[in-house]
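Commentary on secondary and tertiary structure
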Amino acid sequence: MDILIENMDIHISGEAISQQLGISRASVWKHINSLKKEGFEIESKSGIGYILLGKTDSSLTSYEIKRGLETEFIGQNIEYFKSIDSTNTFAKNIAPKSDEGMVIISDEQISGKGRVGREWISKENEGIYFSIILKPDIDIMNASFLTQVAGAAMVSSLEKMGVESTIKWPNDIIVNGKKISGILTEMSAEIDQISYIVVGIGVNLYNQSFEEEIESKATSLKKEGYDIDKKEFLQRFFLEFEDLYKEFLSGDKESTISILRKKSAVLDKEVYIIDRTGKTKVYARDIDENGNLLVEKENGSIETIFTGEISI
Ligand code: BTN
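The sections below set out a description of the structure shown in this document.

Procedures and definitions
Residues numbered from 1 in each chain as written. Predicted model: local features only at pLDDT ≥ 70, side-chain atom pairs only at ≥ 80, totals over all residues. Heavy atoms only, no water. 1 Å grid on protein atoms, 1.4 Å probe; cavity = no way out; pocket = protein on both sides within 12 Å on 5 of 7 lines; lining within 4 Å. Points joined across faces, edges and corners; volume = space filled by probe spheres on them. Helix = DSSP H or I, 4+ residues; strand = E, 2+ residues; numbered from the N terminus. Phe/Tyr/Trp six-rings, centres within 6.5 Å; stacked < 30°, edge-to-face > 60°. Lys NZ or Arg CZ within 6 Å of the ring centre and 35° of its normal. Nonpolar A, V, L, I, M, F, W, Y, C, P; charged D, E, K, R; others polar.

Examining empty space enclosed by the protein
Across all of its chains, the model carries two cavities of 30 Å³ or more by this definition. Considering only enclosed or pocket space, the largest cavity measures out at about 70 Å³ in volume. For the largest cavity, the lining is made up of ten residues, of which Ile3, Ile17, Leu21, His31 and Ile32 are closest to its centre. Looking at the lining of the largest cavity, the elements with two or more residues in it are α1 (2-6), α2 (14-21) and α3 (25-37).

What about the packing of aromatic side chains?
Inspection of every chain in the model, using the stated rule, returns nine aromatic pairs. Of note, Lys253 hangs over the ring of Phe145, and the distance from its end group to the ring centre comes to 5.0 Å. Between the NZ or CZ atom of Lys279 and the centre of the ring of Tyr272, over which it lies, the distance is 4.6 Å.

Regarding the layout of surface pockets
Of the pockets and cavities examined, the largest pocket occupies roughly 1000 Å³. If you go around the largest pocket, you meet 45 residues; those closest to its centre are Arg118, Trp120, Asp172, Lys179 and Ile214. Of all the secondary structure elements, the ones that give two or more residues to the lining of the largest pocket are α5 (87-94), β5 (127-134), β7 (172-175), β8 (178-189), β9 (194-204) and β14 (309-311). It is β8 that contributes the most residues to the lining of the largest pocket, five residues altogether. A class-by-class count of the residues in the lining of the largest pocket yields 16 nonpolar, 16 polar and 13 charged.

Printed below as a string of structure tokens:
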């Protein structure tokens, strides 16, 4: 992309691009097509080459996100769509052949997926929808901790942007008592070896209203009075996530756990655990060193909750 921007308004041949970037002509063509898909207006004239004319709309591009992105690998490869079925589904399809840290972003999702088979409504100009491909060399038992890493990274980045948020264990991000973001972590593994993990995140940025069924539980940052810039948010989030993820890979969960405890929406409260058997009233005591929730039941016994849904 730099090469086209540097030569804006001048035709540059496919041959010249392929030589400068050290890639094949077919790769140049593929690259040009994905830039067009992102909203760049690029004219191609046979025998002369390509010319960048500008942007067809004001939406974000992978190029803008990568510019100024301070991470080592999270978000250094981005595939940006205007519309897609689900970034998680796409990420899972390309994960086997992708590098760790690759991010899929879309302006809208036609079949956005939430947890437990729910739908994640993903309209254009309302939220951010993205998925990160990870290939950690960790025990399968530890994989769900990545949801916690993402949650901790989310509240930290929001805090740095002036937004006070909390985490409703295990994966809902809450502002003023209502949900603004959710995380869906999906994994592909052999018996004891992780092939890849996809961490999918949706954030309600600019929604003005919500469907009746979720209106009492969902909100957007805009509705709560925060005007958040998409690019700045993504750049901050990728950096926070990478820092906590690297720490986790080195065997240290300390920073994440400390954020989870400090920013918990459930600790020291009476909450309900919702599972197949129904709703059980418990007291949320602590988050253990592996990110599991420790609850005290009405009979006084302490139970470790590994996954599930909590209602406050
Ligand atoms: C939840 O139920 O709280 C989890 C919601 C996760 C939504 C995100 S949006 C990007 C990614 N792609 C999907 O289809 N789902 C996740």
